[in-house]
Amino acid sequence: MTQDQANAPSEKQLLRHRKEKAQFLLDAGIPLYPNDFRPSGEIAGVLETHGEKDEEVLLREGQTFALSGRIMALRSFGKATFFHIQDATGRIQVYAQRDDLGAEAYSLFKKFEIGDIVGVTGTLFRTKTGELTVKAVQVRLLSKSMRPLPEKYHGLKDVETRYRQRYVDLLVNDRAREIFRKRTAIIQFIRTFLNERHFMEVETPMMQPIAGGATAKPFKTHHNALDMELYLRIAPELYLKRLLVGGFDRVYEINRNFRNEGIDTRHNPEFTMVEFYWAYAAFADLMDLTEEMFRTLALAVNGSPVVEYQGNAIDMQDGWVRMPFHESLEKIGGVAPNVYTDYGKCRTLVQKLGETVRDDEKLGKLQAKIFDNLVEPKLIQPHFIYHYPTDISPLSRRNDLNPDITDRFELFICGQEMANAFSELNDPADQRGRFEEQVREKASGDDEAHSMDEDYIRALEYGMPPAAGQGIGIDRLVMLLTDSPSIREVILFPLLRPEIAG
């Protein structure tokens, strides 16, 4: 601890000091939280319109502005003060002096502090250093900050505090604000991209009587009025495909999914996905569409099809690698076919990799565990891995030439799954058989196995057109396009353990 840190006031002292100033202002008749100030515009608009004008033009125009924002920096020189205010669009300097505000008003203004939200009225001029500045004729307190902002801020020192107190992180961390502006731009781009291709945006239930559409452990709740168990959805898939049955040939949804699983740099129990379904298309069509989407998205939000992520230059241009699942085990994972096709050898290798194996685990699941350990981490540039085993693809259409594999792909970039897609299984008899197998796996201890969904089978019996569907993880996509190493960086309020009082 430095001498300055040892002499710094405690948090309690700082809070008490702020409360005392607030009380002083109240006693002087200054409301702490008024709501009658209306800004004439935003800071970015002022900077854009007047940022290139010289001092002579600014003085000649003499235009008066009313701006609002939070005080982010403050330097007082007795009878004059320079401070910066920041709104949602930018930051501008303000100059306040006693002769312009009046002695009494200036004396009260001197009680304002960094973090306070103020309304400023004045004209524009340039300082000796050339900085565009508002010369204030009035400074009003709009919201008193009872807690000081972090000092000497270059990102909160404690990462968990940044996530837990995201409101402070956003106030003082330019990069955090930029990540979430870009996140919004990414979602808007995807929505426009699909709308332009005649996909219709829909909403499907968040609470479902059967947790379906993916293999994952759900969150469970109870509806009192109906006295029934419900599940927060793990995926919207089965409801979106019901809409294909209903005659909507292109549908999509951007919304939250919930999975009762672990938390790490790539997983949060609550996450955002876009899922879309396309009648009369196959999984290869989705590969082409995905390449186009990612390439044009990177260009739109980053200005280049080459994305820098954690030291890797990821090339989003055409020509992504497309490789069958079993071939990737051999060529990338280094596992010989006589190993991954032999149940006993495969099981032994999985155990050597430190994975648990149930007695009734199918060969496809063992192969998937090998893939997760030996192949996925090596897939840095975009890779479509396709023709997954039927054992691990309960909703995917079987391949016409080999019923043991499905017409399914997953997209991997930087060693993590970015998307999952397949030609849809629309044969109700085959789907019932797959569900029955999943039910047997659930009974033998697989918490992530799919449940039987009789209504979905009934929907298929009415006839679902041949189709392809895909889910893309929005959070991981934002991670990629903002060079963020953790999913918590791109979720405004990630789930954290309860804060320990102290």
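What you see is a predicted model, and the numbers here were worked out from it, not measured in a lab.

A. Focus on helix H10 (residues 237–245). Among the residues of H10, Glu-237, Leu-238, Leu-240, Lys-241, Arg-242 and Leu-244 are the ones counted as buried. Buried-residue contacts for H10 involve strand S10 (250–258), strand S11 (270–279), strand S17 (416–423), helix H16 (428–443), helix H17 (454–462) and strand S18 (467–473). Among the residues trailing H10, Gly-247 stands out with phi positive, at a value near 110°.

B. Here's a closer look at the pairing of S17. Within S17, six of the eight residues are buried, leaving the element largely enclosed by the surrounding structure. Taken together, the six bridges between strand S16 (residues 408–413) and S17 define a ladder with antiparallel strand orientation. Paired with Ile-413 across the bridge in S17 is Gln-416. Hairpin connection, S16 to S17: the antiparallel pair is bridged by two residues, and Cys-414 has positive phi, about 55°.

C. The arrangement of the packing of helix H14 (residues 343–352) against helix H15 (residues 363–374) in detail. Two numbers describe how H14 lies on H15: the axes approach to 9 Å, and their chain directions differ by 40°. With respect to H15, the axis of H14 lies oblique. Judged by the twist between their axes, the crossing of H14 over H15 is left-handed. When H14 is examined against H15, the residues Tyr-343, Cys-346, Arg-347, Leu-349 and Val-350 are found in contact with a partner set consisting of Leu-363, Leu-366, Gln-367, Lys-369 and Ile-370. Residues belonging to the contact of H14 with H15 are distributed by class as follows: seven nonpolar, one polar and two charged.

D. Examining the UniProt feature "domain: Aminoacyl-transfer RNA synthetases class-II family profile" (unreviewed entry) in the protein chain more closely. Mapped onto this numbering, the UniProt entry gives "domain: Aminoacyl-transfer RNA synthetases class-II family profile" (unreviewed entry) at residues 180–498. Note that residues 180–498 is 35% helix and 22% strand, and that its end C-alpha atoms are spaced 24 Å apart.

E. Main features of the packing of aromatic side chains. If you walk through the whole model with that rule in mind, you get 18 aromatic pairs. Ring geometry for Phe-371 and Tyr-388: centres 6.3 Å apart, planes at 65°, overall edge-to-face. In this pair, Phe-371 is assigned in helix H15 and Tyr-388 in the loop between strand S15 (383–386) and S16, connecting sequence segments 17 residues apart. Here Phe-371 and Tyr-388 have matching classes, each one buried.

F. Up close: unusual backbone geometry. Within the chain, Tyr-280 stands out as a residue other than glycine whose phi angle is a positive 65°. Following the sequence through the fold, Tyr-280 ends up in the loop between S11 and helix H11 (283–302). With a phi angle near 55°, Cys-414 is a residue other than glycine that sits in the positive phi range. Inspection of the secondary structure assignment puts Cys-414 in the loop between S16 and S17. Judged by relative accessible area, which is 11%, Cys-414 ranks as buried.

G. Inspection of the packing of helix H9 (residues 174–196) against H11 at higher detail. The N-to-C vectors of H9 and H11 enclose an angle of 140°; their axes lie 10 Å apart at closest approach. Comparing the axis directions of H9 and H11 gives the class oblique. For the pair H9 and H11, the crossing hand works out as right-handed. Residue-level inspection shows Lys-182, Ala-185, Ile-186, Phe-189, Ile-190, Phe-193 and Leu-194 of H9 in contact with H11, the latter providing Leu-289, Glu-292, Met-293, Thr-296, Leu-297, Ala-300, Val-301 and Asn-302. The residue makeup of the contact of H9 with H11, split by class, is 11 nonpolar, two polar and two charged.

H. Here's a closer look at the sheet that holds strand S4 (residues 117–126). If you walk around this closed barrel you meet the five strands as S1-S2-S3-S5-S4, and the pairing is mixed. Adjacent strand axes in the sheet meet at a mean angle of 55° when their direction is disregarded. Sheet analysis places strand S2 (residues 80–86) next to strand S3 (residues 91–97), joined by seven bridges and oriented antiparallel. From the neighbouring strand, Ala-80 faces S3, where its bridge partner is Gln-97.

I. Molecular detail of the pattern of salt bridges. On inspection of all chains with the given rule, the structure shows 45 salt bridges. Taking the shortest distance from any N to any O, the salt bridge between Lys-241 and Glu-237 comes out at 2.8 Å. Placement of the pair is Lys-241 and Glu-237 together in helix H10, with a separation of four residues, close to one helical turn. In terms of burial, Lys-241 and Glu-237 fall into one category: buried. The salt bridge involving Glu-376 is made with Arg-266; its shortest N-O contact spans 4.0 Å. One end of the pair, Glu-376, is in the loop between H15 and S15; the other, Arg-266, is in the loop between S10 and S11, and 110 residues separate them in sequence. Given the relative accessible area of 15%, Glu-376 is considered buried.

J. Spotlight on a nonpolar patch on the surface. Residues Tyr-167, Leu-492 and Phe-493 make up a contiguous nonpolar surface patch of about 340 Å² in total accessible area. Counting through the fold element by element, Leu-492 comes out in the segment after helix H18 (474–482). Its relative accessible area of 37% is what places Leu-492 among the partly exposed residues.

K. Summary view of the UniProt feature "binding site: Mg(2+) 2" (unreviewed entry) in the protein chain. As recorded in UniProt, the sites labelled "binding site: Mg(2+) 2" (unreviewed entry) are Glu-417. Residue position: Glu-417 is located in strand S17. Of the residues examined, Glu-417 reaches a relative accessible area of 27% and is grouped as partly exposed. Each residue touching Glu-417, except ones within four places of it in the same chain, is listed here: Glu-376, Glu-410, Leu-411, Phe-412 and Arg-476.

Rules and cut-offs
Residues numbered from 1 in each chain as written. Predicted model: local features only at pLDDT ≥ 70, side-chain atom pairs only at ≥ 80, totals over all residues. Heavy atoms only, no water. Buried < 20%, exposed > 50% of the residue type's maximum accessible area, 1.4 Å probe, protein only. Helix = DSSP H or I, 4+ residues; strand = E, 2+ residues; numbered from the N terminus. Contact = heavy atoms within 4.5 Å. Pairing = 2+ DSSP bridges. Axes fitted to C-alpha atoms, helices over the stretch in contact; angles between N-to-C directions. Parallel < 35°, antiparallel > 145°, perpendicular 65-115°, else oblique. Left-handed = near helix turned anticlockwise from the far one by under 90°. Nonpolar A, V, L, I, M, F, W, Y, C, P; charged D, E, K, R; others polar. UniProt positions renumbered as here; feature names shortened; annotations may be inferred. Phe/Tyr/Trp six-rings, centres within 6.5 Å; stacked < 30°, edge-to-face > 60°. Salt bridge = Lys/Arg side-chain N within 4 Å of Asp/Glu carboxyl O. Patch = residues over 30% accessible without salt bridge, like charges linked within 9 Å, V, L, I, M, F, W, Y side chains within 5 Å. Areas by Shrake-Rupley, 256 points an atom, 1.4 Å probe, with all protein chains shown as cover.

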